[in-house]
Amino acid sequence: MTTTASDGRTVGQPALSAAKGSDRTASVSPTVRQSDSPTPVVESRAYNFWYGANHALHDVTIAIPPHAITALIGPSGCGKTTFLRSINRMHDLTPGARRTGDILLDGGSIFAPGMDVVALRRRIGMVFQRPNPFPKSVYDNVAYGPRLNAMAAPREFPDRVERALRQAALWDEVSSRLREPGTALSGGQQQRLCIARALANEPEVLLLDEPCSALDPIATQRIEELLVELKKTYTIVIVTHNMQQAARVSDYTGFFYVGQLVEFGETEQVFTRPIDERTEAYITGRFG
Amino acid sequence: MTSLPVERLARPQSLHATDRSDRIYRRVLTGFALGLPLLILIILGVLFTGALPALKRFGPTFLWTSTWDPVAEIYGAAPMIFGTLASSVLALLIAVPLALSVAIFLTEFSPGWLRQPVAFLVELLAAIPSVVYGTWGIFVLIPFLRAHVVPPLKAVLGWTPFLQGVFYGNSLLAGGVILAIMIVPYIAAVSREVLLAVPASQREAALAMGATRWEAVRSAVLPYGRAGLIGAVILGLGRALGETMAVTMLIGNRHDIGVSLLQPAYTMAAAIANEFSEATTNLYQSALFEVGLILFVLTVAVNAIARVLIWRVARGQAVGSRAL
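Because the structure is a prediction, the values reported are computed rather than measured.

About the thresholds
Residues numbered from 1 in each chain as written. Chains lettered and ligands numbered in written order. Predicted model: local features only at pLDDT ≥ 70, side-chain atom pairs only at ≥ 80, totals over all residues. Heavy atoms only, no water. Helix = DSSP H or I, 4+ residues; strand = E, 2+ residues; numbered from the N terminus. Buried < 20%, exposed > 50% of the residue type's maximum accessible area, 1.4 Å probe, protein only. Contact = heavy atoms within 4.5 Å. Areas by Shrake-Rupley, 256 points an atom, 1.4 Å probe, with all protein chains shown as cover. Expected span 1.5 Å × (residues − 1). Bend = angle between axes of the 7 residues up to and from the residue. Patch = residues over 30% accessible without salt bridge, like charges linked within 9 Å, V, L, I, M, F, W, Y side chains within 5 Å. Salt bridge = Lys/Arg side-chain N within 4 Å of Asp/Glu carboxyl O. Buried area = accessible area lost by both parts, 1.4 Å probe. Polar contact = N/O pair within 3.5 Å; in protein donor to acceptor, adjacent residues only side chain to side chain. Phe/Tyr/Trp six-rings, centres within 6.5 Å; stacked < 30°, edge-to-face > 60°. Lys NZ or Arg CZ within 6 Å of the ring centre and 35° of its normal. Domains from an automatic or database assignment. Nonpolar A, V, L, I, M, F, W, Y, C, P; charged D, E, K, R; others polar. Axes fitted to C-alpha atoms, helices over the stretch in contact; angles between N-to-C directions. Parallel < 35°, antiparallel > 145°, perpendicular 65-115°, else oblique. Left-handed = near helix turned anticlockwise from the far one by under 90°. Pairing = 2+ DSSP bridges. Right-handed = clockwise from strand over helix to strand, strands pointing away.

Participant: Tell me about the overall build of chain A, and name the residues and values.
Facilitator: In terms of helices and strands, chain A carries 11 helices and 10 strands. By residue count, 57% of the 288 residues in chain A fall in the buried class. Partitioning the intrachain contacts of chain A with sequence separation of at least 6 by distance along the chain shows that 69% fall at a separation of at least 24. Element-wise, carbon and sulfur atoms account for 51% of the exposed surface of chain A, whose accessible area totals about 11,700 Å².

Participant: Go over helix H5 (residues 130-157) of chain B with me, naming the residues and quoting the values.
Facilitator: Residue and element names in this part refer to chain B. Compared with the 40 Å implied by 1.5 Å per residue over 28 residues, the 31 Å span of H5 between its first and last C-alpha is markedly short. Along H5, the helix axis deviates most sharply at Gly137, where the bend reaches about 50°. Within H5, the full set of buried residues consists of Ser130, Tyr133, Gly134, Gly137, Leu141, Ile142, Leu145 and Val150. Residues of H5 that are buried make contact with helix H6 (172-197) and helix H10 (245-250).

Participant: Provide a residue-level description of a nonpolar patch on the surface, including the pertinent values.
Facilitator: Residues and elements named next belong to chain B. A contiguous nonpolar patch, built from Leu36, Leu38, Leu39, Leu41, Ile42, Ile43, Leu44, Val46 and Val297 and spanning about 800 Å² of accessible area, is present on the exposed surface. Looking at the nonpolar patch, the element that brings in the most residues is helix H2 (residues 12-58), giving eight residues. Secondary-structure assignment places Leu44 in helix H2.

Participant: Please give an account of the interface of chain B and chain A that cites residues and values.
Facilitator: Opposite the 17 residues of chain B that make contact, chain A presents 22 residues. Buried area between chain B and chain A, summed over both chains or domains, comes out near 1,600 Å², and the portion from carbon and sulfur atoms is 62%. Its salt-bridge partner being B:Glu204, residue A:Arg85 comes within 2.5 Å of it at the nearest N-O pair. Remark: the boundary between chain B and chain A carries seven residue pairs in polar contact (both at pLDDT 80 or more). Within the residue set of the side of chain B that touches chain A, elements represented by two or more residues are helix H7 (200-208) and helix H8 (213-224) of chain B. If one sorts the elements of the side of chain B that touches chain A by residue count, H7(B) sits on top with seven residues.

Participant: Explain the packing of aromatic side chains to me, using residue names and the numbers behind them.
Facilitator: Using the criterion set out here, one finds 16 aromatic pairs over all chains in the structure. Between the aromatic rings of A:Tyr47 and A:Phe49, the centroid separation amounts to 6.4 Å while the plane-to-plane angle is 25°, which identifies the pairing as stacked. Judged on exposure class, the residue A:Tyr47 and its partner A:Phe49 are both buried. With a centroid separation of 5.3 Å and an interplanar angle of 15°, the aromatic rings of B:Tyr75 and B:Tyr284 are classed as stacked. Of this pair, B:Tyr75 sits in strand S2 (residues 74-75) while B:Tyr284 sits in helix H12 (residues 282-313); the two residues are 209 residues apart in sequence, bridging distant segments of the chain. Comparing B:Tyr75 with B:Tyr284 shows no difference in burial state: the two are buried. Joined through ring pairs, the aromatic side chains of A:Tyr47, A:Phe49, A:Tyr51, A:Phe83, A:Phe111 and A:Phe256 make up one cluster. In this arrangement the basic side chain of A:Arg99 is found over the ring face of A:Phe111, its NZ or CZ atom lying 3.7 Å from the centre. Over the aromatic face of A:Phe134 sits the side chain of A:Arg197, whose NZ or CZ is 4.5 Å from the ring centroid.

Participant: Provide a residue-level description of the domain arrangement of chain B, including the pertinent values.
Facilitator: All names here are of chain B. Once the domains are mapped, chain B shows domain 1 (3-59) and domain 2 (78-314). The centre of domain 1, based on its C-alpha atoms, is set 36 Å off from the matching centre of domain 2. Each partner contributes to the interface: domain 1 provides 15 residues, whereas domain 2 provides eight residues. Between domain 1 and domain 2, the buried area comes to about 970 Å², and carbon and sulfur atoms account for 80% of it. Applying the counting rule to domain 1 against domain 2 returns four residue pairs in polar contact (both at pLDDT 80 or more). Here the residues of the side of domain 1 that touches domain 2 are counted per class, giving 12 nonpolar, two polar and one charged.

Participant: Tell me about helix H3 (residues 78-109) of chain B, and name the residues and values.
Facilitator: Spanning 32 residues, H3(B) covers 45 Å between terminal C-alpha atoms, matching the ideal 46 Å at 1.5 Å per step. The axis of H3(B) is deflected most strongly, by about 35°, at B:Ala95, and proline B:Pro97 appears within four residues downstream.

Participant: Describe unusual backbone geometry, naming the residues involved and giving the relevant values.
Facilitator: Here A:Ala46, not a glycine, exhibits a phi torsion of approximately 45°, which is positive. By the element assignment, A:Ala46 lies in strand S1 (residues 42-51).

Participant: Any details on the pattern of salt bridges? Residues and values, ideally.
Facilitator: With the rule as written, the count across this model stands at 19 salt bridges over all chains. A salt bridge links B:Arg192 to B:Glu123, with the nearest nitrogen and oxygen atoms 3.5 Å apart. In this pair, B:Arg192 sits in helix H6 while B:Glu123 sits in helix H4 (residues 112-124), placing the two residues 69 residues apart along the sequence. By relative accessible area, which is 29% here, B:Glu123 ends up partly exposed. Counted as one network, the salt bridges with shared partners bring together A:Asp106, A:Arg123 and A:Glu204.

Participant: Kindly report on the environment of B:Ala188, identifying the contributing residues and their values.
Facilitator: Residues and elements named next belong to chain B. Mapped onto the fold, Ala188 is located in helix H6. It is 9.0 Å that separates the C-alpha atoms of Ala188 and Val233, two residues lying 45 residues apart in sequence. Among all residues touching Ala188, those that are not within four sequence positions of it are Ala99, Val102, Ala103 and Val122.

Participant: So what's going on with the packing of helix H5 (residues 157-167) of chain A against helix H7 (residues 187-199) of chain A? Which residues, and what values?
Facilitator: Residues and elements named next belong to chain A. Two elements in contact, H5 and H7, have axes whose closest approach is 8 Å; the angle formed by their N-to-C orientations is 130°. Classified by the interaxial angle, the pair formed by H5 and H7 is oblique. Our pair here, H5 against H7, has a crossing hand that is right-handed. Seen from H5, the contacting residues are Ala164, Leu165 and Gln167; seen from H7, they are Leu193, Ala196 and Leu199. Across the contact of H5 with H7, the residue classes tally to five nonpolar, one polar and no charged.

Participant: So what about the pairing of strand S3 (residues 69-73) of chain A? Which residues, and what values?
Facilitator: Along any regular strand the residues' side chains alternate between the sheet's two faces. All names here are of chain A. Burial of S3 is extensive: five of the five residues sit out of reach of the surface. Neither face of S3 is left uncovered, since the one carrying Ile69, Ala71 and Ile73 and the one carrying Thr70 and Leu72 both have all their residues buried. Relative to strand S8 (residues 235-239), S3 runs parallel, the two being bridged by four bridges. Paired with Ile69 across the strands is Ile236, a residue of S8. Where S3 lies against strand S9 (residues 252-257), four bridges are found, and the strand directions are parallel.

Participant: Which residues make up the pairing of S8(A), and what values do they have?
Facilitator: Residues and elements named next belong to chain A. Counting buried residues in S8 gives five out of five residues, a clear majority hidden from the surface. Covered by surrounding structure in S8 are Thr235, Val237 and Val239 together with Ile236 and Ile238, the residues of both alternating faces. Strand direction decides the pairing type here: strand S7 (residues 205-209) and S8, joined by five bridges, are parallel. By the bridge assignment, Val205 is partnered in S8 with Thr235. In this view, the connection linking S7 to its parallel neighbour S8 by way of helix H8 (residues 217-230) has right-handed handedness.

What follows is the structure in structure tokens.
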């Protein structure tokens, strides 16, 4: 069940051919050709990133469409997580990290001098590879963001917590256990708790870094169904090792390889008619 | 697929020898390893038998009576127990904020190049001999307290019972402050390791929710490490309770219960150190043994609680083991 651009949106021909490092302008042009697509929420322009001397991302240019699931796939160490963590500036504290190029959120640079990184992260929620609930109650986990950011009057917190837990399809399972520690839930429930925690901040974008890698197939399926539900409200970017997962849930797929965005396009196109031979080699399982 | 007896019989002698030396080696190590826990039991036994005459004579009243009269052979340890607890609590009140600040700074905020030097110097404080602290206390700390700390304290809080009387130098305050300085390195070192053991994912979770770095520390890192941090504090308490030399030199050694920090006091450790050489009668000696027994039980219990709490933070990993 490959999901295509469901609500009738078309996305030009977002075929990003690999520049192979020889021609830099070639890697920028696909964004231009995407101009008839819906205004991207997150957009990166010739984004380069270094960990010390290690050049981890090369000229990544991508426009992530709103209210859709964009999957970033690729073999280990290819830069997909590095790119994902760049979007909410989680690299700010990484020693030796450097970058060039830009990433835009709603048209504004996230690296602009006046950008408040705290406010930015409030708008861009993140879910990590391993469930990392706080050692607090289920309720306090979800209420963490609203409390921290003083987003509402305290009397509204219970409603917000319930809403976030319902959105994360967890309410029915935990409504009677809100006072129990979040760490006592099962792995899949913990991950949905982390999603609920992120949603309670009412972000615009939700970043997920291999959210199912620590989960069993049934828990994975629940998260996938949840993501398809959530894309109506949120823009979702998911990093995944699992190509079937990308094919199942995403509308757009970006293939990263050795720090480059080799190909980006509608998921169906990337998986059935990949333009770059490396993409084809990867999705057919010849490497990675 | 059968075994190869030829191969096995080829060098039976050497195999046998290895086996025997291994067994001896293991037995020796086992003996040493069990010897240390055994030593604790022996110490407990010696203290108990030594304290037996006093235990029989005074019973539990030893704990809450205040007379300490070697001439009349009447002994009550309440002032020492009070002084021990009071000086330790005072030390904790001063040392805990300081040590936690150091640990949080070093793990969360310090620039990388500063981390190791500061951690090293703080831990070096623990290497200074107690008697040096005592001497420094007499010649530096007490004059400093008299000139710069006690006057403003009296000006602001002079009406409270805690600051009554004249400050002559040797006092609960001086003893508590020197103890605080001495336990800061322990609390800081263990707290630092506890904070280092807090998974990065907890910090990241908080940061990704829009927490500032300080908010992440306060709302995610500290709560996660809470048990271990409490353990670090209790470990410091254990140190403070048993510390002898520096406190003996500064606390004034007066056998009396008084709430004023400016007045001299006494601790159990100081009493044992001061009086054992002059304890001429059996009962006097036995009373000191009983003081030692109380101190032993108190510090062992406090340390046991501390270690359990510290180990609980990172199950399996011996967090803080380096500093313990």
